[in-house]
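Report on the structure
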Amino acid sequence: MPDLAGKVALVTGASSGIGEATARELARQWARVALFARRENRLEEVADGIRRGGGKVMVLTGDVTDPAAVLSAVQRLLADWKRVDVLVNNAGRGMAAPFEAVTAQELRDLLEVNLIGVLTATQAVLPAMRQQGSGHIINVSSVAGRRGLPLRSAYNATKFALVGLTEALRQELRGTGIRVSLVYPISTVTEFHDAEVKKAEPRRYGPVQSAEQVAGAIVRCVQRPRPEVYPYPPARILAVLSALAPGFVDWMMERLRSR
Ligand code: NDP
């Protein structure tokens, strides 16, 4: 696999779960890693672990829904390390609720984090990447961005929207040296389910992955860029089936649900 030594990566949502595991794995491959999230104490703990392993790390505290905080984090990163090779747009939140219990404000809030936050961070790094003539944007969607699930309408909407945004950007950036990838994790063991807005207890379907498995797939994508990554490969079948035979997949999910 190509060497990541000296590359500069910015990971949003690096204070727990998939983002934390991705930051650790990038550092293990000798990339320099900037950690972005709101909980500074958690970011410092992740950074300490990376430093103890001999890695280079920078803590950037902020909220992806605050454009000024995102821009100033990127400016600090560029001032210190002079470049940015990889942006992993991972920060995200969930919501479990019956459709009729989702308020417009809750959907707006979720979009702010899961979609607008990605737009903001990406627009903040693109000028530097364009100047470098290289870069890689990796957006963490979900299988819930390819197949809607009951009690997850708001979350599904944000993750589907991220797919459209990313596919369009990938084509707009063709020829610039900047790669764009989408990651579709299945259910992953993290703090996600504790942190999400919860008005219902949706059923969990199928297998579960570890954050380290998803992080491994993301880092392999940094090393060998691809448009789409399914860290649990059989999940691609669900995405394809859902596009070809949505009624059949509804029926299949209902049968799984009633088990
Ligand atoms: P976690 O809750 O463990 O991590 C979420 C991360 O996002 C935290 O570091 C959190 O940090 C950060 N974050 C949340 N809101 C903001 C914000 N406004 N500004 C900055 N950072 C923020 O969950 P996961 O690791 O599971 O989630 C990571 C991504 O993976 C999300 O995009 C999620 O949608 C996606 N995903 C998760 C799946 C799962 O089953 N876990 C399945 C498929 C996709 P802090 O609170 O410190 O700001």
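So, here's what we can say about the structure. Only a predicted model underlies this, so the values are computations on that prediction, with no experimental measurement involved.

**Some points on helix α1 (residues 17-28)**
- With twelve residues, α1 ought to run about 16 Å at 1.5 Å a step, and its terminal C-alpha atoms sit 17 Å apart, in line with that.
- With ten of twelve residues buried, α1 is to be regarded as a mostly interior element.
- Within α1, the full set of buried residues consists of Gly17, Ile18, Gly19, Glu20, Ala21, Thr22, Ala23, Glu25, Leu26 and Ala27.
- The inward-facing, buried residues of α1 abut β1 (8-12), β2 (32-37), α2 (40-52), β4 (86-89), β8 (188-189) and α7 (211-223).
- In the segment just after α1, Trp30 is the residue with positive phi, at about 75 degrees.

**Some points on the sheet that holds strand β3 (residues 57-61)**
- Strand order across the open sheet formed by seven strands is β3-β2-β1-β4-β6-β7-β11, with parallel pairing between neighbours. Where the open sheet ends on each side, the last strands, each with one partner, are β3 and β11 (228-229).
- Strand direction decides the pairing type here: β2 and β3, joined by five bridges, are parallel. Looking across to β3, one finds that Ala34 is bridged to Met58.

**A short note on empty space enclosed by the protein**
- A complete count under the given rule lists one cavity of 30 Å³ or more for this structure.
- Its volume calculated, the largest cavity comes out at about 30 Å³.
- Lining the largest cavity are Leu10, Thr12, Phe36, Val64, Val70, Ala73, Val74 and Ala121.
- Looking at the lining of the largest cavity, the elements with two or more residues in it are β1 and α3 (67-81).
- The element contributing the most residues to the lining of the largest cavity is α3, with three residues.

**Some words on the site of the ligand**
- The ligand sits among 29 residues. The nearest are Ser15, Arg38, Tyr155, Thr188 and Thr190.
- Between the ligand and the protein, one listed contact pairs an oxygen atom with a side-chain N or O atom of Tyr155 at 2.6 Å.
- One of the side-chain N or O atoms of Lys159 is found 2.9 Å from an oxygen atom in the ligand.
- Taken by itself the ligand offers 880 Å² of open surface, and the protein chains cover 96% of this.
- Secondary structure elements with two or more residues in the shell around the ligand: α1, α5 (153-172) and α6 (192-195).
- The class makeup of the residues in the shell around the ligand is eleven nonpolar, 13 polar and five charged.

About the cut-offs
Residues numbered from 1 in each chain as written. Predicted model: local features only at pLDDT ≥ 70, side-chain atom pairs only at ≥ 80, totals over all residues. Heavy atoms only, no water. Helix = DSSP H or I, 4+ residues; strand = E, 2+ residues; numbered from the N terminus. Expected span 1.5 Å × (residues − 1). Buried < 20%, exposed > 50% of the residue type's maximum accessible area, 1.4 Å probe, protein only. Contact = heavy atoms within 4.5 Å. Pairing = 2+ DSSP bridges. 1 Å grid on protein atoms, 1.4 Å probe; cavity = no way out; pocket = protein on both sides within 12 Å on 5 of 7 lines; lining within 4 Å. Points joined across faces, edges and corners; volume = space filled by probe spheres on them. Near = heavy atom within 4 Å. Polar contact = N/O pair within 3.5 Å; in protein donor to acceptor, adjacent residues only side chain to side chain. Areas by Shrake-Rupley, 256 points an atom, 1.4 Å probe, with all protein chains shown as cover. Nonpolar A, V, L, I, M, F, W, Y, C, P; charged D, E, K, R; others polar.

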